[in-house]
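Here is how the chains run, residue by residue.
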Amino acid sequence: MLDATVGSKLKLEVRGGRIRLGAGGKDAWHEIGQEPVIVGRNAACQVVVEDSKVSAVHAEFVATPHGVRVRDLGSRNGTFVAGVRVGDVYLFTETRMKMGDTEIHFEPARPEKVDIPAIPSFGPLVGNSAAMRGIFDRLSRVAPTDLTVLIAGETGSGKELVAQALHMASSRAKKPFIVVDCGSIPPTLAEATLFGHERGAFTGAIDKRLSPFQEAEGGTIFLDELGELPLEVQPKLLRALAERRIKAVGGNTYREVDVRVLAATRRDLVRMVNQGVFRSDLYFRIAQVKVEMMALRQRAEDIPILVRKMLKDLGDEGAYERVSTVTLERLMRHDWPGNVRELRNAVAVAHALAGPTEDMDIASHLGALNEGPMIEGGRLGNSVGSSGGGSISFKGRQFQEAKRDVLAKFERDYFAQLADESKGNVSEMARRAGMERAHVRAYLRRHGIGSKADPGDA
């Protein structure tokens, strides 16, 4: 429950509690607050359980306005409440649960009103919701440090913007900000891509290549889609982070580097740890601070301020006056599979196609299947031109009819080209488009574009 502004802050009612291991009641209590508390066998967990049936990283507890959220992190043997295996539950009464052979006793605390700083933005990020203001406050405190930060969230939720904002708010702002897309690195070249290579180090190594760690010297390196990094390279990255030095493939000497490391992922790295495909020591080293970006559907109240900011970025903040309340309500009811990126694309299209005095019906550009067209403003002109099926004539056409045809042609051309570039691989198409695979497949079916099935589609 969010109270009105008190001074310069908002008040949020949070329900926390405490947990204790063992049925005997002799163990110490562990307080559960707004910072996640991870329970597991790994020594880096906040609550360590010496039980072979408990996973290395088993479950997470965190206080929320709805009670203490308990989330099983893909454990091998599960988390049980009243004999029922649970994945994600909220506790607000005294409860006993089991993880492996270990009993955990939970006691709720009295609801507490905590301060949410009235910070409506951080760098290019804006939001009025309590959750986003809390994130902005945390980012503002983390930015001046050299702590590594793991930014998690769905595709299109703004993870790279967070990394850029952290860099610009740090003492390293005048130094390089280097992005490494781990999802686009061929597994056989992962080590050479991360750490550089000497000439002749392997077949095809015609020239020497510097490591992005060297290119980012004094600044920040951003490891995007960290969850895609091959398992065999992860120990080498861990060593580089711990020792702050790297060695190029084919080289004989180590080179010290002075960089801050930020990382992002759309995957659940903790579940990957329990599956044995991501190293737990690397996870805890990267996630000194973890920031979870909310999906847009979880903070729909931020949509009006986001729309205003996007129109301002387009150089026409005054156009917000032509966005009706009905349009904003429709946007707030949308499920946003493409998150903020989808909203930005819809705003860009509506702004480009609306007349100077027309209402901006942004919601009409979300697609017939409740999906965003994922249109980048700079590419819009290509959808009306001569690519593919030739240009569209507007003569004698009503505006809305012509507009639908323009968007349909854009979708058809965009996904046809994307399918060609990705050789029909839906996973690769989804990565490039910044969309979920299900939504990509829907567009392919709609426009009759062929694709290759993914192994994970079965």
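Use the structure listed above.
Residues numbered from 1 in each chain as written. Predicted model: local features only at pLDDT ≥ 70, side-chain atom pairs only at ≥ 80, totals over all residues. Heavy atoms only, no water.

Engineer: Could you clarify how one ought to interpret the overall build of the chain in this entry?
Structural biologist: On a plain count of helices and strands, the chain comes out with 13 helices and 22 strands. Across the 458 residues of the chain, 47% fall into the buried class. Pairs at least 24 residues apart make up 62% of the contacts formed inside the chain by residues separated by at least 6 positions. Counting every atom, the chain has about 22,100 Å² of accessible surface; 48% of that belongs to carbon and sulfur. (Helix = DSSP H or I, 4+ residues; strand = E, 2+ residues; numbered from the N terminus. Buried < 20%, exposed > 50% of the residue type's maximum accessible area, 1.4 Å probe, protein only. Contact = heavy atoms within 4.5 Å. Areas by Shrake-Rupley, 256 points an atom, 1.4 Å probe, with all protein chains shown as cover.)

Engineer: Before we go on, may I ask you to explain the sheet that holds strand β17 (residues 177-181) in this structure?
Structural biologist: Pairing in this open sheet of five strands is parallel, and the strands run β17-β18-β21-β16-β22 from one edge to the other. The sheet is open, and its two borders are formed by β17 and β22 (289-292), each paired with just one other strand. The average undirected angle you get between the axes of adjacent strands in this sheet is 20 degrees. Helix α1 (residues 130-142) rests against β16 (149-152), β21 (260-265) and β22 of the sheet, and its axis sits at about 150 degrees to β22. (Pairing = 2+ DSSP bridges. Axes fitted to C-alpha atoms, helices over the stretch in contact; angles between N-to-C directions.)

Engineer: Could you clarify how one ought to interpret the environment of Pro356 in this entry?
Structural biologist: Mapped onto the elements of the fold, Pro356 is located in the loop between α10 (339-353) and α11 (399-421). Owing to a relative accessible area of 75%, Pro356 belongs among the exposed residues under this scheme. With 37 residues separating them in the primary sequence, Pro356 and Ala319 have C-alpha atoms 8.4 Å apart.

Engineer: Where do I start with the pattern of salt bridges in this structure?
Structural biologist: Pairing between side chains of opposite charge can happen when the charged atoms of each approach one another. Inspection of every chain in the model, using the stated rule, returns 26 salt bridges. Among the ionic pairs, Glu228 bridges to Arg266, the shortest N-O distance being 3.9 Å. With a gap of 38 residues between them, Glu228 in the loop between β18 (220-224) and α5 (234-243) and Arg266 in the loop between β21 and α6 (269-275) connect regions that are remote in the sequence. Looking at Glu228, the relative accessible area reads 26%, which means it is partly exposed. Judged by relative accessible area, Arg266 falls into the partly exposed class, the value being 38%. Between Arg299 and Asp302 there is a salt bridge whose closest N-O contact spans 2.9 Å. Classification of Asp302 by relative accessible area gives buried; the value is 0%. Among the charged side chains, a salt-bridge network with shared partners connects Glu60, Arg71, Asp268 and Arg271. (Salt bridge = Lys/Arg side-chain N within 4 Å of Asp/Glu carboxyl O.)

Engineer: Would you mind showing me how to read the side chain of Asp302 here?
Structural biologist: Structurally, the position occupied by Asp302 is in the loop between β22 and α8 (303-313). There is a polar contact of 2.7 Å between the side chain of Asp302 and the backbone nitrogen of Asn128. Not counting the four nearest positions on each side in its chain, Asp302 is found in contact with Gly127, Asn128, Ser129 and Met132. (Polar contact = N/O pair within 3.5 Å; in protein donor to acceptor, adjacent residues only side chain to side chain.)

Engineer: What should I look at first to understand the nonpolar core in this one?
Structural biologist: Here is a general trend for soluble globular proteins: nonpolar side chains tend to be buried in one another's company. Counting residues in hydrophobic clusters, the biggest one holds 38 residues, and the most contacted among them are Phe213, Leu223, Leu226, Leu237 and Tyr283. At the level of elements, β17, α3 (190-195), β18, α5, β21, α6 and α7 (280-286) are the ones that each hand at least two residues to this core. In contact with Phe213, other than residues within four places in its own chain, are Leu194, Phe195, Ile221, Leu237, Ile246, Val257, Val259 and Val261. One finds Val126, Ala300, Trp336 and Ala350 within the second-largest nonpolar core, a separate group that totals 23 residues. (Core = buried A, V, L, I, M, F, W, Y, C linked by side-chain atoms within 4.5 Å.)

Engineer: Would you take a moment to explain α8 for this structure?
Structural biologist: Of the residues making up α8, those classed as buried are Ile303, Pro304, Leu306, Val307, Met310 and Leu311. Looking straight down α8, one finds that the buried residues subtend no more than 160 degrees of arc, so they occupy a single side. Pointing more than 90 degrees away from the buried face of α8 are the exposed residues Lys312 and Asp313. (Arc of directions from axis to C-beta.)

Engineer: Sorry if this is basic, but what is going on with the packing of aromatic side chains here?
Structural biologist: Each pair of aromatic rings is reported with the distance of its centres and the angle of its planes. Under the definition given, this model contains six aromatic pairs. Here the aromatic residues Phe410, Tyr414, Phe415 and Tyr443 are joined through ring pairs into a cluster of three or more. (Phe/Tyr/Trp six-rings, centres within 6.5 Å; stacked < 30°, edge-to-face > 60°.)

Engineer: How do you make sense of unusual backbone geometry when you look at a structure like this?
Structural biologist: Note: most peptide bonds trans; most residues except glycine with negative phi. Here the phi dihedral of Arg244 falls at roughly 55 degrees; this positive angle occurs in a residue that is not glycine. The topology assignment puts Arg244 in the loop between α5 and β19 (245-246).

Engineer: Would you explain the pairing of strand β7 (residues 67-72) in this entry?
Structural biologist: Successive side chains on a regular strand alternate, one facing one side of the sheet and the next facing the other. Counting buried residues in β7 gives five out of six residues, a clear majority hidden from the surface. When strand β6 (residues 59-64) meets β7, the two strands line up antiparallel, connected through six bridges. Counted as the bridge partner of Thr64 is Gly67 from β7. Taking the residues that link successive antiparallel strands as the turn, the β6-β7 hairpin has two residues. Two elements, β7 and strand β10 (residues 88-91), share four bridges in a ladder whose sense is antiparallel. Paired with Arg71 across the two strands is Asp88, which belongs to β10.

Engineer: I keep staring at α1 and nothing clicks. Help me out?
Structural biologist: At 3.6 residues per turn, the α-helix brings residues three or four places apart onto the same side. With 13 residues, α1 should cover 18 Å at 1.5 Å per step; its first-to-last C-alpha distance of 18 Å lies within 8% of that length. Taken residue by residue, α1 has Ala130, Met132, Arg133, Ile135, Phe136, Asp137, Leu139 and Val142 as its buried positions. (Expected span 1.5 Å × (residues − 1).)

Engineer: Mind showing me how you'd approach the packing of helix α12 (residues 426-433) against helix α13 (residues 437-446) here?
Structural biologist: The geometry of a pair of packed helices is captured by two quantities: the angle between their axes and the separation between those axes. The contact between α12 and α13 brings their axes to 9 Å, and the two run at 105 degrees. Compared by their axis directions, α12 and α13 come out roughly perpendicular. In contact with Val426, Ser427, Met429 and Ala430 of α12, α13 contributes Arg437, Val440, Arg441 and Leu444. Its residues placed into classes, the contact of α12 with α13 shows five nonpolar, one polar and two charged. (Parallel < 35°, antiparallel > 145°, perpendicular 65-115°, else oblique. Nonpolar A, V, L, I, M, F, W, Y, C, P; charged D, E, K, R; others polar.)

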